[in-house]
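# A closer look at the structure
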Amino acid sequence: MTTQPPIEKKLTIQIRVEPGCLGPDGKEHIETFCVAAAKIFSVIDPELVSWVLIPRYDKQLPEQEFFIEGRKLTEEQASLFLRRLGRELGEVLDRLDSVLAQLVERYFKTL
C-alpha cells in the first residue's frame with residue numbers, strides 16, 4: 001500500500017452567503033451563521049480545501065472565489081488544481097451546496 005505525500009498547497013474556497021437565505025431577518029443572523037457554518041465546513045475535505053464563509057452583503061461580488069496561497073484563481077484553474085489531486089471541482093461544489101442547504105435548514109429550526 002502506497003501513501004500519498006501530504007499536499008503542500010490547499011485550495012481556498014471563499015463562499016459568500018446571502019443573508020436572505022436565512023429569511024426576512026437574515027441580516028441579523030448571517031454573521032453568526034457564517035461562523036457556525038465555517039466550523040462545520042472545516043472538516044470537509046480538509047486535506048484539499050480551506051473554506052472561508054462570509055456574508056454576501058454586496059450582490060455584485062461573486063458567490064464563490066478560489067485562491068491558492070492568497071492568489072486568486074479562475075474556476076477553471078481551481079478545477080485543474082483539484083483534478084491533479086484526483087478530485088473534481090463540480091463534486092466539491094455539489095457537496096458544498098448540499099451541506100450549506102442542510103445547515104440553513106438546521107439554523108431555521110433553532111430560531
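Above this text sits the structure in question.
Predicted model, so just to flag it, every value in this text is computed and none were measured.

Taken in spatial order, the four strands of this open sheet run E2-E1-E3-E4, and their pairing is mixed. Across the chains shown, the open sheet's two edge strands, defined by having one partner strand only, are strand E2 (49–55) and strand E4 (71–73). Strand after strand, the sheet turns through a mean of 30° between neighbouring axes, direction not considered. Relative to E2, strand E1 (residues 11–17) is paired through seven bridges, and the arrangement is parallel. Counterpart to Ile-15 in the pairing with E2 is Leu-53. Packing against the sheet, helix H1 (residues 30–41) makes contact with E1 and E2, and its axis sits at approximately 170° to E2. In this fold helix H2 (residues 75–84) packs onto E1, strand E3 (64–68) and E4, with an angle of close to 95° to the strand it touches most, E4.

A few words on H2. Every buried residue of H2 is accounted for by Ala-78, Ser-79, Phe-81 and Leu-82. For H2, the angular spread of buried residues about the axis comes to 160°, placing them on one side. For H2, the exposed residues lying more than 90 degrees away from the buried face are Glu-76 and Arg-84. Next to the buried residues of H2 lie E1, E3, E4 and helix H3 (89–110). Looking one or two places after H2, you find Gly-86, whose phi comes out positive at around 85°.

This next bit is on H3. Counted at 1.5 Å a residue, the expected span for H3 with its 22 residues is 32 Å, and the 32 Å between its end C-alpha atoms agrees. Within H3, burial applies to Leu-89, Val-92, Leu-93, Leu-96, Val-99, Leu-100, Leu-103, Val-104 and Tyr-107. Buried residues of H3 fall within an arc of 145° about the axis and therefore sit on the same side. With respect to the buried face of H3, the exposed residues turned more than 90 degrees away are Asp-94, Glu-105, Arg-106 and Lys-109. Against the buried residues of H3 lie E1, H1, E2, E3 and H2.

The rules behind each value
Residues numbered from 1 in each chain as written. Predicted model: local features only at pLDDT ≥ 70, side-chain atom pairs only at ≥ 80, totals over all residues. Heavy atoms only, no water. Pairing = 2+ DSSP bridges. Helix = DSSP H or I, 4+ residues; strand = E, 2+ residues; numbered from the N terminus. Axes fitted to C-alpha atoms, helices over the stretch in contact; angles between N-to-C directions. Contact = heavy atoms within 4.5 Å. Buried < 20%, exposed > 50% of the residue type's maximum accessible area, 1.4 Å probe, protein only. Arc of directions from axis to C-beta. Expected span 1.5 Å × (residues − 1).

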